[in-house]
Amino acid sequence: MKRSTAAGLIALLASMGLGCSSSDESLPPGELTLGPVVWNPSNIAVGQVQAVAEYDKTVAVFGASGVSTFTSGALVGSDASVTSWRSAAVIPSASGLGTWIVGIDGKGRMKRVLGHEGIEDVSDRFGLTSEAVSSLAGSTGATGFLTERGIATSDGTTVTHYPSSELHAVAAGAGRVAVAVAGGVRIFDPSAKGRETDVALPDARFVAFDAAGALFSATPRGLYKLEGGEMRVVYDAGARAIRALAAAGPHVWFAVDRDLGMVRDGRVFITSAPPSLGDDLRLAGSPDGDVWVVTGGQLFRYEARFGGASGDEAIWTDTVQPAYARVCSNCHSAPGSGKASSNVDLSTYALWNARRAAIRERVITQAGTPGAMPPSGYTLTEEEKAAIDAWTKR
């Protein structure tokens, strides 16, 4: 479809009531319980947070204090040279080989995070030296940028520009780029230069691809999924307002008024005990299905819980927690517990989960060396070691 006719077609479809479908087939929302996830166990100050992006075990936090980079919960680098950020995302490298965490600074420049080596400007590597970027998204074989001039896409070799206006959000997945534009969603295939598809969805504001490549979009009043070339409603917000949307692995999270919701296995769930979500809310997805929430300059991470503890937490409780209570709690209890403390609290599943890689390194990999845990005077049984081994490598 030629770019010059795309906007007209969207308007025509919308005026005819075509291109999106509201269905009454969806089940009423289920109940979702949120579990806070400890991502910064040492409570290292990161200042007022403006954006976050996560890849593998690395989390980059962008804010008024610069960029702080964490790996497996430990701070591995910081850079205070830039203190204003528009957004951040994980995208393929400019060559398509490898993956980068990139933040967009207050001037619209793209900065690649290098961990302990700081940050570097990479706008020129995508042919965007003279354009200010407001948002970006990436997946294997596809990267999309919203700029002051319109839309740009990259397949790792070539950057293609599409002049456009009234752009709201960009997402990438399954080799495609989707943009919420005036009147609908525009979908690009960067590997096929010039190929674009338009789907009508009046007042589209957000877009997201789940891990399976399914495309979701949201208006202030509803959440939709692309099926059979049409946007079909999966959640009708009614008088409430959808304020953010983000894909997280197999899940899609959204904010509706002061609640969080998610789509899981085709079913919509809404929080029963919502967090406090400010007016400046932003959502970002974690590859493992958790959601990052930036609100009021603070950063939170939540996991979804259904019918009690998560499967991983249940395994920890049944197999690892007894070893913690017998041995590890002697040095790693919560402050005020009355036990000697090493200043590393491991009294809960969340705290163990935040240090999973470090615990495995000290207990399993370094076993028999001077730096191993537990220290001299404490001994884990073979069964306890096996339980920690099995859980930390899940």
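Structural data are supplied above this passage.
All values reported here derive from a predicted model rather than from experimental measurement.

Topic: the pattern of salt bridges
Working step 1: Counted under the stated rule, the structure contains 19 salt bridges.
Working step 2: Residues Glu-227 and Lys-225 are paired through a salt bridge, measuring 3.9 Å at the closest nitrogen-oxygen approach.
Working step 3: Put simply, Glu-54, Asp-288, Asp-290 and Arg-301 are held in one network by salt bridges that share partners.

Points about the sheet that holds strand 18 (residues 196–200)
Working step 1: Across the sheet, which stays open at both edges, the four strands sit in the order 15-16-17-18 with antiparallel pairing between neighbours. A strand with exactly one partner marks an edge of an open sheet, and here the two such strands are strand 15 (169–173) and strand 18. Direction aside, neighbouring strands of the sheet carry axes that sit 20° apart on average.
Working step 2: Two strands pair when backbone bridges link them, and strand 15 and strand 16 (residues 176–181) are joined in this way by five bridges, in the antiparallel orientation. In the sheet register, Ala-169 faces strand 16, and the bridge partner there is Ala-180.

Concerning the side chain of Asp-79
Working step 1: Its location among the elements puts Asp-79 in strand 6 (residues 74–79).
Working step 2: Buried charged residue Asp-79 carries no salt bridge. Nearest counter-charge: Lys-111, at 8.9 Å.
Working step 3: Reaching out from Asp-79, the side chain makes a polar contact with the backbone nitrogen of Ile-119 at a distance of 3.4 Å.
Working step 4: Setting aside its immediate chain neighbours within four residues, Asp-79 contacts Ser-65, Gly-66, Val-67, Gly-118 and Ile-119.

Details of the sheet that holds strand 8 (residues 99–105)
Working step 1: Taken together, the four strands give an open sheet; going across it, the order is 7-8-9-10, and neighbouring strands pair in antiparallel fashion. At either margin of the open sheet sits one strand with a lone partner, and together these are strand 7 (85–92) and strand 10 (119–121). When strand polarity is set aside, the average angle formed by the axes of neighbouring strands in this sheet is 30°.
Working step 2: Note: strand 9 (residues 110–113) against strand 10, three bridges, orientation antiparallel. When the sheet's bridge partners are listed, Lys-111 is paired in strand 10 with Asp-121.

Examining the pairing of strand 8
Working step 1: Burial analysis of strand 8 places six of its seven residues in the buried class, the great majority of the element.
Working step 2: For strand 7 and strand 8, the ladder comprises seven bridges, and the chain directions are antiparallel. Each bridged residue has a counterpart across the sheet, and for Ser-87 the counterpart in strand 8 is Ile-104.
Working step 3: Where strand 7 folds back onto strand 8 in an antiparallel hairpin, the turn is made up of six residues, including Gly-96, whose phi is positive at roughly 85°.
Working step 4: In the sheet, strand 8 pairs with strand 9 via three bridges, with the strands oriented antiparallel. When the sheet's bridge partners are listed, Gly-103 is paired in strand 9 with Lys-111.
Working step 5: Between strand 8 and strand 9, which follow one another and run antiparallel, lie four residues, and Gly-108 among them has a positive phi close to 90°.

What counts and how
- Residues numbered from 1 in each chain as written.
- Predicted model: local features only at pLDDT ≥ 70, side-chain atom pairs only at ≥ 80, totals over all residues.
- Heavy atoms only, no water.
- Salt bridge = Lys/Arg side-chain N within 4 Å of Asp/Glu carboxyl O.
- Pairing = 2+ DSSP bridges.
- Helix = DSSP H or I, 4+ residues; strand = E, 2+ residues; numbered from the N terminus.
- Axes fitted to C-alpha atoms, helices over the stretch in contact; angles between N-to-C directions.
- Buried < 20%, exposed > 50% of the residue type's maximum accessible area, 1.4 Å probe, protein only.
- Lys, Arg positive; Asp, Glu negative; His and termini not counted.
- Polar contact = N/O pair within 3.5 Å; in protein donor to acceptor, adjacent residues only side chain to side chain.
- Contact = heavy atoms within 4.5 Å.

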